[in-house]
Amino acid sequence: PWSPSPPPPLPPHDDFPPHHPHMDPLFWNPSIQLAFEAALSAMSLYKNHQSVLPLHFSKIEKLALIGPFAECGRCLCGGYTTTPKRGLVSIHEGLERSLGRGKVATVLGCLNVKCLDTSQFDRVRDAVKGSSVVVLTLGLDETLEREGHDRSSYELPRNQYALLDEVVTATKGTGIPIVAVLVHGGTFTLSPVLGSADAVLDAWLPGQAGGLAVAYTLFGFNSTSPAGRASVTWYENTTSLPPMGRMSFYPSSYDRPEAPSVPTYGITYRYYTHGTPTIPFGYGLSYTAFAYTNMRLNKTTYAPCEQIGVTVDVRNVGRREGDEVVQLYVEQTDSPTNTPRPNIRLADFKRVHLSPNQTATVRLSLAPALHSVVLEQEAKAANPYAAEQVVEPGKRRLFIGGQQPHWVPPDGRGLTALPDPLWADLFVDAQATVSECERQTWRRRRPTDGRHDKHMRVVVGR
C-alpha cells in the first residue's frame, strides 16, 4: 500500500530571516507560503492511467527529470512578473528536496522552450536507464506567447513533441511510467502527450513556489490530492479553430449579419461546435472519487428575476481525503428568438474538502444574468453599449456534478470519463431584462431609514 514520506521543508532549506521592516512583503515567509498554497490548489490532473500517481516515494531510487522547464524557476512565474529574490523553487529543486540529493537525474533535452537545439536528445536514454519514473516537462513561456506576440500555430514547438517521442522510445519495454508536467499560459495540442504519457499533470504557471507544489502533488505529501480544474477549453489542433483574425465568438449557424463569409465554429466551451475538445473546460481528476446524490430545486417554476437555488449531496467514496469542485451548469433548451445563446454555461461552483466516507450538502445558485441572452438592438451601431441582457421565458435544464455535461473522452487517450452530472428541469414563466432584475434587488436591499446609499448600485448591480 502507498504511504507518504515526510514532506520536504517549507520554506526552502535556507532558513529565511524574520520579517524586516525594509524588506519587500512579497518575500516575507507568509507570502512565500501563500504562493505555495495557491500553486498547490491549482494543480490539475488530466490523466492517471492505472493510478500511477501519487508516486510511491519509498520505491523510487532514481527519478529522471527531462524537458526545458526542469531547472528553470523563472519560467514558472510567467509574464509581467519579476524574478523573486527569495523562495524561487524550480521543479528540479522541488523533486530533489523530496527525494534527496543524487536521486534526480536531470536532462533538459531542449536548451530552451523553443527547442531549436536538440543536441541533448542523446542524453535522454542515459537519464532514463535505471529510473523508477520519468517526469517530462513540456509547455510554453513568454518567448512564445505574450502581449504583442501571438502564436500562429496551436501546437507546441515541434521538437518538444520529438522530445516526447525520444522519451517514449527510451522507456519502451521497460515498464517505466512517464508523467508529463505541463507549464503554460495558453493551451496547445495535447493529444500526443495524452496518448504517450501515463499521467498528465497541469501546473499552469505555478509561480515562485511552483517546483515544490509540483513535488507535493506528484508524491501526495500531506494528503495532497489535485483539485484544480481546466479553466479553458483544450482544442484538438490548429484546424479546430478559425483562422487568425476571424475569431468570431458565435458559430456561423446563427447567420448574424456581421458574421464573416468564412464558416466559423464558435469559441470557448459555451459556443464551440466543431468536434469534441481534447480536454473540456471544468475537467480534472483527483486521487480519490466522489459521488453525487439527491439533487433538489426549491421549486420548478420561477419568475425571471428570481435566484434559483440548487442543493446536492456530495460524498467522498475513495480512500483519501481531497477537494471536489462542485459545478452547476445551465442549458437553455428553447428560445422564442434566434438570439445566440450558449450551448452550456457555468452558473456557479464551490470547492469542498471531504474525508473518506464524508458527505457534504452543497448549495449553489443561478443568478438571472447567467441564463440570459444578449439582444443586440439596431441602436448598437451608434452606441455599442445599447445591447440588453434579457432573461427569456422557457425551459432550462440544470446539471450539477464534477464536470460539464455532454463530454465523452476521445478514443485512444486513456482519459477517464467522470460520472454524468445529475440534472433537473425548470421553467421561467416570463421575460425581464437583467437591469430590471438588478433594480429589484437594489430596492430590496436599500436602507429602511430613507437614506440613499450611493454605493449600493455598484455593489449589488454591477
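Residues numbered from 1 in each chain as written. Predicted model: local features only at pLDDT ≥ 70, side-chain atom pairs only at ≥ 80, totals over all residues. Heavy atoms only, no water.

A.B. asks: I tried to follow the pattern of salt bridges on my own but got confused; where do I start?
C.D. replies: Any two side chains of opposite charge can pair, so long as their charged atoms come close to each other. A full pass over the atoms with the stated rule returns 10 salt bridges. Here Arg101 makes a salt bridge to Glu96, at a shortest N to O gap of 3.2 Å. For Arg101, a relative accessible area of 70% puts it in the exposed group. Glu96 sits in the buried class, given a relative accessible area of 16%. (Salt bridge = Lys/Arg side-chain N within 4 Å of Asp/Glu carboxyl O. Buried < 20%, exposed > 50% of the residue type's maximum accessible area, 1.4 Å probe, protein only.)

A.B. asks: Honestly, the state of the cysteines in this entry has me stumped. Any pointers?
C.D. replies: By definition, a disulfide is the covalent link that joins the sulfur atoms of two cysteine residues. In the structure shown here, the tally under the stated rule is three disulfides. One disulfide bridge connects Cys72 with Cys75, the sulfur atoms lying 2.1 Å from each other. Disulfide Cys72-Cys75: the torsion about the S-S bond is 75°, which places it as right-handed. Here Cys110 is linked by a disulfide to Cys115, with a sulfur-sulfur distance of 1.7 Å. Given a relative accessible area of 1%, Cys115 falls into the buried group. Taken in N- to C-terminal order, the disulfide-linked cysteines of the protein chain are connected 1-2, 3-4, 5-6. Not part of a disulfide, Cys77 finds its nearest cysteine sulfur in Cys72, a span of 8.6 Å. (Disulfide = S-S within 2.5 Å.)

A.B. asks: Could you clarify how one ought to interpret the packing of helix α1 (residues 29-42) against helix α6 (residues 210-219) in this entry?
C.D. replies: Two measures define how a pair of helices packs: the angle their axes make with one another and the distance between the axes. Look at α1 against α6: their axes get within 8 Å of each other, and the N-to-C directions meet at 45°. In terms of orientation, α1 lies oblique with respect to α6. For α1 against α6, the interelement crossing comes out right-handed. Facing α1, whose interface residues are Phe36, Ala39 and Leu40, α6 presents Gly210, Leu212, Ala213, Tyr216 and Thr217. A breakdown of the residues in the contact of α1 with α6 according to their chemical character gives six nonpolar, two polar and no charged. (Axes fitted to C-alpha atoms, helices over the stretch in contact; angles between N-to-C directions. Helix = DSSP H or I, 4+ residues; strand = E, 2+ residues; numbered from the N terminus. Parallel < 35°, antiparallel > 145°, perpendicular 65-115°, else oblique. Left-handed = near helix turned anticlockwise from the far one by under 90°. Contact = heavy atoms within 4.5 Å. Nonpolar A, V, L, I, M, F, W, Y, C, P; charged D, E, K, R; others polar.)

A.B. asks: I keep staring at the sheet that holds strand β6 (residues 199-204) and nothing clicks. Help me out?
C.D. replies: Remark on secondary structure: sheet strands pair via backbone hydrogen bonds, oriented parallel or antiparallel. Spatially, the six strands line up as an open sheet ordered β1-β6-β5-β4-β2-β3, and their pairing is mixed. Here the strands that pair on one side only, and so sit at the sheet edges, are β1 (44-48) and β3 (104-107). The mean angle between the axes of side-by-side strands here comes to 20°, regardless of whether they run parallel or antiparallel. (Pairing = 2+ DSSP bridges.)

A.B. asks: Help me out: how do you make sense of the pairing of strand β10 (residues 322-332) in this one?
C.D. replies: Successive residues of a regular strand alternate their side chains across the two faces of the sheet. In terms of burial, β10 is largely enclosed, as 11 of its 11 residues are buried. Taking every second residue as pointing to the same face, both faces of β10 are buried, with Gly322, Glu324, Val326, Leu328, Val330 and Gln332 on one and Asp323, Val325, Gln327, Tyr329 and Glu331 on the other. Here nine bridges tie β10 to strand β11 (residues 345-354), and the two strands are oriented antiparallel to one another. Following the sheet pairing, Val326 is matched in β11 by Lys350. Pairing between β10 and strand β15 (residues 394-401): six bridges, direction antiparallel. Note that in β15 the partner of Gln327 across the bridge is Gly401.

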